[in-house]
Structure formats: C-alpha cells, structure tokens
Amino acid sequence: MPQTVITLSTHGQGLYEFTEQVADFVRAASSGMGEGLLTVFVRHTSCSLLIQENADPDVKTDLNAFFRRLVPPSSDPSMRWIVHTTEGPDDMPAHIKAALTQVSIGIPVTHGRLALGTWQGIYLFEHRDRPHRRDIVLHLSA
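Residues numbered from 1 in each chain as written. Predicted model: local features only at pLDDT ≥ 70, side-chain atom pairs only at ≥ 80, totals over all residues. Heavy atoms only, no water.

A.B. asks: Outline the pattern of salt bridges, supporting the account with residue identities and numerical values.
C.D. replies: Following the criterion strictly, the structure yields 6 salt bridges and no others. In this structure, Glu126 and Arg134 form a salt bridge, with 2.7 Å as the shortest nitrogen-oxygen distance. Using a relative accessible area of 3% as the deciding quantity, one classes Arg134 as buried. Each of Glu20, Asp24 and Arg27 takes part in salt bridges that share partners, so that together they form one network. (Salt bridge = Lys/Arg side-chain N within 4 Å of Asp/Glu carboxyl O. Buried < 20%, exposed > 50% of the residue type's maximum accessible area, 1.4 Å probe, protein only.)

This is the structure we're talking about:
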C-alpha cells in the first residue's frame, strides 16, 4: 500500500489546491491496481482539507469570507469567551474552523484515477494568518 507525504507552503488564510500533486501520486502508485481508496490526511490542528469547486475562483473567495464571519479572530468582541489566546488572535479560531471541517478525506480510485467530479478539486484550507508548511499524507489502498 503506497504512501507519501506532500508538503505545501501557505502564505496565510485561504484555499490551496493540490489536486494535480495527488493525481500524480495516484497515477504512479496505482499501476495495475484498478480500484482502490485514497486517504488524504493533514497532520496539523489549525488547517483542514476540502473537496470543492475548482472552476470559479469566487467560490474560494466566498468560502474564506463565510468562515471569517462565522469564526472571527479572538480579538473580535464577539469572541471574548475564548481562553486560548497565547498563539495570537487567529489561533483558536483556526482550531474551531478545523473542527468544523475535516482533516481526512477518502477519495475512490477507479481505473487508476481519482474518481473526482468534473469541477472538483482537493484543497488545503489554511486557517492561520502567517505562512506555514503543511504536511499531507497520501495513502493508497487496494
């Protein structure tokens, strides 16, 4: 069962597509496999993973705006109840956003290819303001 780690560099909050890197791994690792399941897992607590539309960049803009409104920084008066503030005003909100989304995604593999829909892409959803290096584990099972 092939496995690899992809490292993505982020430059602040937002969605970072890495579909092609995942597809390349599956193509290389699935020769002769046919059907299987790819697990995509991010090893961090302040970012998450999404499968989302990759055709219109407005989708990313709107998702970012929605999550910022849903969970503002801890410096916002509505977030006075937050206790964990030692790592900055974006840290605890990042943990909340990660808890509301997911850190692991299962994607079917059919005939050695990701079984994604036409407009679906795989994204790292960075919830912190400053740049980070994020490790994503890909594990392919038959």
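A.B. asks: Break down the sheet that holds strand 2 (residues 14–17) for me, with residues and values.
C.D. replies: Hydrogen bonds between backbone groups are what pair the strands of a sheet, and the pairing can be parallel or antiparallel. Spatial strand order, 2-7-4: 3 strands in an open sheet with antiparallel pairing. At either end of the open sheet lies a strand with only one pairing partner, and these are strand 2 and strand 4 (47–53). With direction set aside, neighbouring strand axes in the sheet form an average angle of 35°. The pairing of strand 2 with strand 7 (residues 120–126) spans 4 bridges and is antiparallel. Paired with Glu17 across the strands is Tyr123, a residue of strand 7. (Pairing = 2+ DSSP bridges. Helix = DSSP H or I, 4+ residues; strand = E, 2+ residues; numbered from the N terminus. Axes fitted to C-alpha atoms, helices over the stretch in contact; angles between N-to-C directions.)

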